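# Structural overview
In case you want the letters, here they are:
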Amino acid sequence: MIIKQITSSETLIIRHKVMWPTKPMDFVMLPNDENGKHYGLFVNDKLTSVISIFIDDNIAQFRKFATLKEHQGKGYGSFLLEEIISLLKQEKINKLWCNARVEKTNFYIKHGLKYTNTFFKKEDIEYVIMERHFN
Ligand SMILES: CC(C)(COP(=O)(O)OP(=O)(O)OC[C@H]1O[C@@H](n2cnc3c(N)ncnc32)[C@H](O)[C@@H]1OP(=O)(O)O)[C@@H](O)C(=O)NCCC(=O)NCCS
């Protein structure tokens, strides 16, 4: 199992399959993808989990975090997110945040993120902004 930086195009198949399979592929492309850093976790050379990081003025947002359905619940997402957290700490980033699907908030709490008061709904999915400050 290894984590490598990948291109945004390489993230698209997993983003699409896992997050928005009923939408066209364009739907999972982000307008600022080219400004992001994209990471993939490979298991036996197969891309299995992806995450995209956008840094703005010492604050990092992660987006489009997804693990192939058949490989969820095996610890891959946790491993990838923890690796990202340690990279961000090394880079002296002050804060990590995300628009979390409300159904996934327990997962993020395990990784040190906390609820903010900002909740919203998009495409019938409930979200809350979660964040973690680093010292
Ligand atoms: C969110 C997501 C990326 C997590 O990836 P993952 O590879 O499944 O993550 P993990 O396997 O590390 O953790 C998933 C769960 O399995 C549990 N788990 C991890 N390793 C485990 C193991 N060896 N045995 C049993 N359970 C385990 C974790 O504790 C976690 O539980 P929780 O969801 O109740 O907190 C994945 O669920 C996903 O792609 N979801 C769909 C897309 C999505 O919702 N993305 C996030 C938008 S905010």
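Right above here is the structure, for reference.
Figured I'd write up the structure that's included with this text.

Reading the values: rules and limits
Residues numbered from 1 in each chain as written. Predicted model: local features only at pLDDT ≥ 70, side-chain atom pairs only at ≥ 80, totals over all residues. Heavy atoms only, no water. Patch = residues over 30% accessible without salt bridge, like charges linked within 9 Å, V, L, I, M, F, W, Y side chains within 5 Å. Areas by Shrake-Rupley, 256 points an atom, 1.4 Å probe, with all protein chains shown as cover. Salt bridge = Lys/Arg side-chain N within 4 Å of Asp/Glu carboxyl O. Helix = DSSP H or I, 4+ residues; strand = E, 2+ residues; numbered from the N terminus. Buried < 20%, exposed > 50% of the residue type's maximum accessible area, 1.4 Å probe, protein only. Core = buried A, V, L, I, M, F, W, Y, C linked by side-chain atoms within 4.5 Å. Near = heavy atom within 4 Å. Polar contact = N/O pair within 3.5 Å; in protein donor to acceptor, adjacent residues only side chain to side chain. Contact = heavy atoms within 4.5 Å.

Moving on: a nonpolar patch on the surface. Side chains of Ile13, Met25 and Met29 sit close together on the surface and give an oily, nonpolar patch of about 270 Å² of accessible area. Mapping Met29 onto the fold places it in the loop between helix H1 (8-19) and strand E2 (37-43). Classification of Met29 by relative accessible area gives partly exposed; the value is 40%.

This part is about unusual backbone geometry. In this structure, Lys92 is a non-glycine residue whose phi angle is positive, near 60°. The topology assignment puts Lys92 in the loop between helix H2 (76-90) and strand E5 (95-101). Phi angles above zero are rare outside glycine, and Glu123 is one such case at about 50°. Structurally, Glu123 is set in the loop between strand E6 (114-122) and strand E7 (125-133).

We now examine the nonpolar core. Grouped together as the largest cluster of nonpolar side chains are 23 residues, with contacts concentrated most on Ile51, Ile53, Phe62, Leu88 and Tyr108. Breaking this core down by element, the ones donating at least two residues are E2, strand E3 (46-56), strand E4 (59-67), H2, E5 and E7. Sorting elements by how many residues they give to this core places H2 first, with six residues. Formed by twelve residues, the second largest nonpolar core is a distinct cluster that contains Trp20, Phe42, Leu68 and Tyr127.

On inspection of all chains with the given rule, the structure shows five salt bridges. For Glu123, the salt bridge identified is with Lys23, shortest N-O distance 2.8 Å. In this pair, Glu123 is assigned in the loop between E6 and E7 and Lys23 in the loop between H1 and E2, connecting sequence segments 100 residues apart. A relative accessible area of 40% places Glu123 in the partly exposed class. Assessed through its relative accessible area of 24%, Lys23 is described here as partly exposed.

Here we take up the site of the ligand. The environment of the ligand is formed by 19 residues, the closest being Phe65, Gly75, Gly77, Ser78 and Lys110. Residue Gly73 places a main-chain N or O atom 3.0 Å away from an oxygen atom belonging to the ligand. When isolated, the ligand has an accessible area of 920 Å², and the protein chains bury 72% of it. Taken together, the elements giving at least two residues each to the shell around the ligand come down to H1, E4, H2, E5 and helix H3 (105-110).

Position of His133 among the secondary structure elements: in strand E7. For the pair His133 and Ile109, spaced 24 residues apart in sequence, the C-alpha separation works out to 13 Å. Once residues within four sequence positions are removed from consideration, His133 is found in contact with Asn94 and Lys95. A distance of 3.3 Å separates a polar atom in the side chain of His133 from a polar atom in the side chain of Glu131.

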